[in-house]
Amino acid sequence: MSVYLIHGDKGGVGKSTLAATLTEYLIARGKHVALVDTDLRNADLATLYDNVPAVETLVADPRQHQGWLEVATALDRFKTNDVVISLPGNIGADVTAQGDYLSDALKELQRSLVVFWLLNRTPFSIALLQPALETFGPTAKAIVAVRNCYFGDPDRFERWNTSKTRTAFFAAGGIEIDLLELHAACFDATFGAHPARRFSDGDALNYGERLTLRRWLGKMFPAFDSIAERIGVGQR
């Protein structure tokens, strides 16, 4: 049973987008998913999937211990093998403080932890990864660095690509994938719309947008397939 913690600390690095894409991937692969949305100011994820039969949702506040208590209780209650937890921005200190609590809960509930770390091209994105590695590295089944290509092609992530942090990350068994850029018109018509729409909600899009979105998902889903065994997708 896998818990996917979508992290990155900085706001605007693409955590919600990755969480939605991963959720769509799991649904498309026939999985039932539990989705925990912790962005109380803009809980679009929970709203998007609240009425989807294959998805259970929870909204919790990770800035309060009560929120982590609610998450732990939900992890015990959820019957699904795959749980996606999307964290808000600027949450690193709170996550570090509650890391032992979450790790204890996962161990007792026999759920493995996979951390997805969203990267932009700033040095802060790399520096903030280190505390997360120290908190979750010893217990996580896998840690996945995700270059968000909204900020540029993978070869433009020079700071990350040439960093000692990346070298050590790979030496410790880290995984790397890319969150490919989605055309702005498709993003604005789906996840960026008000109200937001699922990436799979093709009826709301024109043909060009549907084609572009299908092609994008057709590249993202194989990226998740390539690491599915490592991160334990659907495993009991």
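Basis of the calculations
- Residue numbers here run from 1 along each chain, matching the order of that chain's written sequence.
- For a predicted model such as this one, the threshold for reporting local features is a pLDDT of at least 70, and the threshold for listing and counting side-chain atom pairs is 80 or more; totals across whole chains, interfaces and linings nevertheless cover every residue.
- Excluded from the side-chain calculation are hydrogens and water; included are all heavy atoms of the structure.
- Categorising residues by exposure relies on relative accessible area from a 1.4 Å probe, with only protein chains included: less than 20% of the type maximum marks a residue as buried, more than 50% marks it as exposed, and the intermediate range marks it as partly exposed.
- Helix and strand assignments come from DSSP, with helices taken as H or I runs of at least 4 residues and strands as E runs of at least 2, each series counted from the N terminus.
- Pairing between strands is defined by DSSP: at least two bridges between the two strands are required.
- Every axis in this analysis is a line fitted to C-alpha atoms, fitted for helices over the stretch in contact. Angles between the N-to-C directions lie between 0 and 180 degrees.
- Any two residues whose heavy atoms approach within 4.5 Å are treated as being in contact.
- The rule is simple: put a 1 Å grid over the protein atoms alone, call a set of points where a 1.4 Å probe fits but cannot get out a cavity, call an open set with protein on both sides within 12 Å along at least five of seven lines a pocket, and count a residue as lining if it has an atom within 4 Å of a point.
- Grid points are joined across faces, edges and corners, and a volume is the space filled by probe spheres set on the points.
- Side-chain classes follow a simple rule in which Ala, Val, Leu, Ile, Met, Phe, Trp, Tyr, Cys and Pro form the nonpolar group, Asp, Glu, Lys and Arg form the charged group, and the remainder, Gly included, forms the polar group.
- Disulfides are defined in this document as cysteine sulfur pairs within 2.5 Å.
- Any angle that falls under 35 degrees is termed roughly parallel, while one over 145 is termed roughly antiparallel, one within 65 to 115 roughly perpendicular, and all others oblique.
- Helix crossings are classified by the rotation of the near helix relative to the far one: an anticlockwise turn of less than a right angle makes the crossing left-handed, while a clockwise turn makes it right-handed.

## Points about the pairing of strand β6 (residues 142-148)
Right, on to step 1. Most of β6 sits out of view: seven of its seven residues are buried.
Right, on to step 2. Residues A142, V144, V146 and N148 of β6 are buried on one face, and the alternating residues I143, A145 and R147, pointing to the opposite face, are buried as well.
Right, on to step 3. The pairing of strand β5 (residues 112-119) with β6 spans six bridges and is parallel. Bridge pairing in β6 links L119 to R147.
Right, on to step 4. Note that β6 and strand β7 (residues 175-179) share five bridges and pair parallel. Note that in β7 the partner of V144 across the bridge is I175.

## Brief notes about the sheet that holds β7
Right, on to step 1. Ordered by their spatial adjacency, seven strands build an open sheet running β3-β2-β4-β1-β5-β6-β7, and the pairing between neighbours is parallel. What marks the edges here is a single partner per strand, and that holds for β3 (55-59) and β7. Ignoring strand direction, the axes of neighbouring strands in this sheet form an average angle of 20 degrees.
Right, on to step 2. Here helix α7 (residues 129-136) sits on the sheet in contact with β1 (2-7), β5 and β6, set at roughly 175 degrees to β5.

## A closer look at the layout of surface pockets
Right, on to step 1. Its boundaries defined by the atoms lining it, the largest pocket holds a volume of some 600 Å³.
Right, on to step 2. The wall of the largest pocket is formed by 29 residues, among which G14, S16, T17, F187 and F191 lie closest to the centre.
Right, on to step 3. Elements with a minimum of two residues in the lining of the largest pocket: α1 (15-28), α2 (44-49) and α10 (184-189).
Right, on to step 4. Of the residues belonging to the lining of the largest pocket, the class tally is 12 nonpolar, 10 polar and seven charged.

## Observations regarding the state of the cysteines
Right, on to step 1. In this structure the tally under the stated criterion is zero disulfides.
Right, on to step 2. Here C149 stays free of any disulfide, with the sulfur of C186 as its closest cysteine sulfur at 16 Å.
Right, on to step 3. The exposure class assigned to C186 is buried, which follows from its relative accessible area of 2%.

## Some remarks on the packing of helix α3 (residues 65-77) against helix α5 (residues 99-109)
Right, on to step 1. The N-to-C vectors of α3 and α5 enclose an angle of 10 degrees; their axes lie 10 Å apart at closest approach. What the angle tells us is that α3 and α5 run roughly parallel. In this structure, α3 crosses over α5, and the sense of that crossing is right-handed. Of the residues in α5, those touching α3 at H65, W68, L69, A72, L75 and D76 are Y101, L102, A105, L106 and L109.

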